[in-house]
Amino acid sequence: GAGQAQALDRLQEDTPNLLAALAAAREFNDRQAELKLVASLGRFWFDAGYVSGGLREFRDTLGAAEDDPTPDLAKAAEEIAQLYAWNGSLELAEQFAAKQESIATAIGTDEVLRRVWATKGVLAFARGDYARSIECFRAMLPMIEAVKSESLPFVHASLAFLHLWSGDTPTADDHYAQSLAWAKDFDIDEGDAIVGDYGGWRAFYSGRHEEAVEQWSAAEAVYTDLKQRTWVVDMQQLRSWARLIGGDADQDVIRATTAEARKLGLMAFVARGEMLEAVVLVDQGSRDAGAALSGALETAAKSGNRVWVFWCLWYGARLVASQGRIADARRVRARAESIRRAIPLALPTALEAADVELVTSFGGRGSDLGDTAAEMQVLDLSSLIAQ
């Protein structure tokens with residue numbers, strides 16, 4: 001709600017005390033206090049960009065201990081699952097998500113059950129499974145509408161982004177409008193950030209890259225005021241991508257945001273940053289471009305996020321085609337296309353035109369997948385790109 005920046009300021013000032021309290025709760029085996037702290041701090045760790053630090057503090061909380069099912073226990077499992085998802089540790093995220101669902105089922109109240117859908121939606125997003133993520137957030141909507149939950153602006157915003165990325169702009173715009181209406185009703189500080197964030201993506205998908213930069217800059221200013229470091233890094237990377245496509249890449253900013261994402265533990269952002277760094281090298285005609293793209297692809301695969309696996313493969317196919325290795329380019333793009341369809345992910349206007357040009361360059365059609373090539377392993381394709 002309102003006052004979020006001030007609240008985050010207070011939490012950051014009190015972080016040493018909060019960590020001391022958590023340590024004391026563990027030392028004196030005060031399980032109730034430990035769970036309550038972990039359940040309440042997860043959102044703070046994420047917003048402030050302390051994903052890695054939060055996991056270091058939380059990872060032992062839901063270990064071997066046998067606890068009675070309580071809302072605090074379910075919430076603690078949710079927070080840890082979502083932090084692991086953003087950290088790119090999807091197997092661990094799935095384990096804690098299953099634990100959350102088991103606890104929530106035992107409790108049986110609507111309040112804890114609807115949060116299970118939130119976690120499922122976040123994990124599907126982190127995997128790059130947009131269709132499943134949409135299903136989960138849609139399932140959650142009637143539950144939170146019934147109680148007028150303050151989650152409404154954020155769930156509608158999530159659905160707006162997911163539908164836009166999937167190519168359903170009218171549905172995306174509808175959810176965006178509902179997100180802003182609920183943000184106004186609840187006096188949510190992030191309303192203006194959602195305007196710039198969504199507006200940037202809308203412009204980016206339409207090929208209006210300068211407008212996208214302006215919108216994402218406006219969103220970054222709001223996220224900065226709200227002390228949401230995670231989304232500040234996101235906006236900086238997205239601006240860099242739009243500028244890169246427009247031929248105005250800022251290599252220093254890209255490197256800095258990649259390093260910051262690595263420090264924060266946001267592995268999908270690390271993969272995106274490495275990909276942007278590699279594309280700069282491609283545009284410069286550097287001999288290191290293939291190895292850099294190959295490394296970005298492996299980082300993306302390790303994070304488990306298919307979206308950035310796709311983009312690394314797609315840029316890799318363009319690089320390989322430019323080297324005259326047409327058969328290899330077809331193989332790489334075929335795998336990229338199979339992943340894109342599975343997500344599903346729509347291509348922004350400028351990149352869709354570039355994709356048509358790419359496919360035309362090796363005598364194919366946009367629908368050509370190449371059955372064998374589409375099943376090739378990512379690491380095999382990484383070797384092709386690095387050649």
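Bear in mind the structure is a predicted one, so any value in this text is a computation, not a measurement.

### A few points about the side chain of Q236
As for its placement among the helices and strands, Q236 is situated in helix α13 (residues 229-245). When its relative accessible area of 15% is taken as the criterion, Q236 is described as buried. If we skip the residues at most four places from it in the chain, Q236 touches E220, R229 and T257.

### Here's the deal with the pattern of salt bridges
Enumeration over the complete set of coordinates arrives at 26 salt bridges. Close ionic contact of K75 with E79 constitutes a salt bridge, the shortest N to O distance being 2.9 Å. Of this pair, K75 and E79 both sit in helix α5 (residues 71-86), separated by 4 residues, roughly a single helical turn. The class of E79 is buried, set by a relative accessible area of 9%. Residues R340 and E337 are paired through a salt bridge, measuring 2.9 Å at the closest nitrogen-oxygen approach. On the criterion of helical spacing, the pair formed by R340 and E337 is a turn pair, its members being 3 residues apart in helix α18 (residues 326-342). One network of salt bridges, with partners in common, ties together R333, E337, R340, R341 and D355.

### A few points about the packing of helix α15 (residues 267-284) against helix α16 (residues 289-303)
At a minimum axis distance of 8 Å, the contact between α15 and α16 shows a crossing angle of 165°. Judged by the angle between their axes, α15 and α16 are roughly antiparallel. Note on packing geometry: the crossing formed by α15 with α16 is left-handed. The residues of α16 that touch α15, namely those facing M267, A268, V270, A271, E274, M275, A278, L281 and V282, are A289, A292, L293, G295, A296, T299, A300 and S303. A class-by-class count of the residues in the contact of α15 with α16 yields 13 nonpolar, 3 polar and 1 charged.

### Regarding the nonpolar core
Among soluble globular proteins, nonpolar side chains are generally buried collectively. Counting residues in hydrophobic clusters, the biggest one holds 126 residues, and the most contacted among them are W201, W241, M275 and W311. For this core, the element with the highest residue contribution is helix α17 (residues 306-322), accounting for 13 residues. Excluding residues that lie within four positions of it along the chain, W241 makes contacts with W201, F204, M275, L276, W308, W311, Y315 and L351.

### With respect to the packing of aromatic side chains
Two aromatic rings, taken as a pair, are described by how far apart their centres are and by the angle between their planes. Per the counting criterion, the structure on display carries 31 aromatic pairs. Ring plane angle 35° and centroid distance 5.5 Å describe the contact between F44 and W45, whose orientation is recorded as tilted. Comparing F44 with W45 shows no difference in burial state: the two are buried. Its guanidinium or amino end placed over the ring of F154, R43 lies 5.7 Å from that ring's centre, counting from NZ or CZ. Taking the ring centre of F269 as reference, the NZ or CZ of R272 above it sits at 4.7 Å.

### Regarding the packing of helix α1 (residues 4-13) against helix α3 (residues 31-47)
In contact at an axis separation of 11 Å, α1 and α3 are set at 100° when each is read in the N-to-C sense. Between α1 and α3, the interaxial angle falls into the category roughly perpendicular. Counting all contacts with α1, which are made through Q4, L8, L11 and Q12, the residues of α3 involved are L41, R43, F44 and D47. When the residues that make up the contact of α1 with α3 are grouped by side-chain class, the tally is 4 nonpolar, 2 polar and 2 charged.

### Thoughts on the environment of V116
For V116, the position within the fold is in helix α7 (residues 110-127). In this structure, the C-alpha to C-alpha distance between V116 and R318, residues 202 residues apart in sequence, is 40 Å. If near-sequence neighbours (up to four positions away) are discounted, V116 is found in contact with Q100, E101 and A104.

Cut-offs applied
Residues numbered from 1 in each chain as written. Predicted model: local features only at pLDDT ≥ 70, side-chain atom pairs only at ≥ 80, totals over all residues. Heavy atoms only, no water. Helix = DSSP H or I, 4+ residues; strand = E, 2+ residues; numbered from the N terminus. Buried < 20%, exposed > 50% of the residue type's maximum accessible area, 1.4 Å probe, protein only. Contact = heavy atoms within 4.5 Å. Salt bridge = Lys/Arg side-chain N within 4 Å of Asp/Glu carboxyl O. Axes fitted to C-alpha atoms, helices over the stretch in contact; angles between N-to-C directions. Parallel < 35°, antiparallel > 145°, perpendicular 65-115°, else oblique. Left-handed = near helix turned anticlockwise from the far one by under 90°. Nonpolar A, V, L, I, M, F, W, Y, C, P; charged D, E, K, R; others polar. Core = buried A, V, L, I, M, F, W, Y, C linked by side-chain atoms within 4.5 Å. Phe/Tyr/Trp six-rings, centres within 6.5 Å; stacked < 30°, edge-to-face > 60°. Lys NZ or Arg CZ within 6 Å of the ring centre and 35° of its normal.

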